[in-house]
Amino acid sequence: MRFAVVGGCGFVVDAAVLAVAVHGYGMGPIAARIISFSVAVMVTWLLNRTFTFNEETMHGPTRELVLYVLVSVTGFASNFTVYAALIYAFEWAAQYPVVALVPSSLLAAFVNYLGSARIAFRPAKK
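Residues numbered from 1 in each chain as written. Predicted model: local features only at pLDDT ≥ 70, side-chain atom pairs only at ≥ 80, totals over all residues. Heavy atoms only, no water.

Moving on, we come to a nonpolar patch on the surface. A cluster of nonpolar side chains, Phe 90, Trp 92, Tyr 96 and Val 99, forms an exposed patch at the surface whose accessible area comes to about 420 Å². Judged by relative accessible area, Trp 92 falls into the partly exposed class, the value being 38%. (Patch = residues over 30% accessible without salt bridge, like charges linked within 9 Å, V, L, I, M, F, W, Y side chains within 5 Å. Areas by Shrake-Rupley, 256 points an atom, 1.4 Å probe, with all protein chains shown as cover. Salt bridge = Lys/Arg side-chain N within 4 Å of Asp/Glu carboxyl O. Buried < 20%, exposed > 50% of the residue type's maximum accessible area, 1.4 Å probe, protein only.)

The following block contains the structure:
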């Protein structure tokens, strides 16, 4: 449940940065998505580290962050594939990229949870 709440916060950050980049700064939806993803990854790592997976892990914070980013990049690959397909296939998605972010983020949430729980935030052996 905590992972879902953190994911929801990450989605809000992702969507807000995406909307500001596209509608506020006139960036294209693809370039803006790279920026919004990067910001969201840092926010979700900090929140997951603090609230979701707050036990001591097998890794120190630096290695944990590197592993989390690698897991997130894997999730982002599936996320971005769906997002880009929607952007290029439908005019409405290019105009309202936050709408295209919804289905792509749902897929990535599943991938990211598995990777986070089993790799990045794997509990230390006691």
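Turning our eyes to something else, we now look at the packing of helix α1 (residues 2-24) against helix α2 (residues 29-52). Two elements in contact, α1 and α2, have axes separated by 8 Å at closest approach and are oriented at 155°. The angle between α1 and α2 places the two elements in the roughly antiparallel class. Where α1 crosses over α2, the two elements pack in a sense that is right-handed. Along the lines of polarity and charge, the residues of the contact of α1 with α2 split into 17 nonpolar, 5 polar and 3 charged. (Axes fitted to C-alpha atoms, helices over the stretch in contact; angles between N-to-C directions. Helix = DSSP H or I, 4+ residues; strand = E, 2+ residues; numbered from the N terminus. Parallel < 35°, antiparallel > 145°, perpendicular 65-115°, else oblique. Left-handed = near helix turned anticlockwise from the far one by under 90°. Nonpolar A, V, L, I, M, F, W, Y, C, P; charged D, E, K, R; others polar.)

Within the fold, Arg 122 resides in the segment after α5 (97-120). Among the residues examined, Arg 122 registers a relative accessible area of 41% and is labelled partly exposed.

This part covers the environment of Val 17. Mapped onto the secondary structure, Val 17 falls in helix α1. For Val 17, a relative accessible area of 22% translates into the label partly exposed. Put simply, Val 17 and Pro 29 are 12 residues apart on the chain and 11 Å apart in space, counted from C-alpha to C-alpha. In this structure Val 17 touches Ile 35, Ser 36 and Val 39, once residues within four positions along its chain are discounted. (Contact = heavy atoms within 4.5 Å.)

So, about the packing of aromatic side chains. A full pass over the atoms with the stated rule returns 5 aromatic pairs. Arranged with centres 4.9 Å apart and planes meeting at 70°, the rings of Phe 3 and Tyr 113 form a pair that is edge-to-face. Taken as a pair, Phe 3 in helix α1 and Tyr 113 in helix α5 lie far apart in primary sequence, 110 residues in all. On the basis of relative accessibility, which here comes to 41%, the residue Tyr 113 falls in the partly exposed class. Taken together, a centroid distance of 5.3 Å and an interplanar angle of 40° make the contact between Phe 76 and Phe 80 tilted. Here the residue Phe 76 and the residue Phe 80 both occupy positions in helix α3 (residues 61-89), the gap between them amounting to 4 residues, near one helical turn. (Phe/Tyr/Trp six-rings, centres within 6.5 Å; stacked < 30°, edge-to-face > 60°.)

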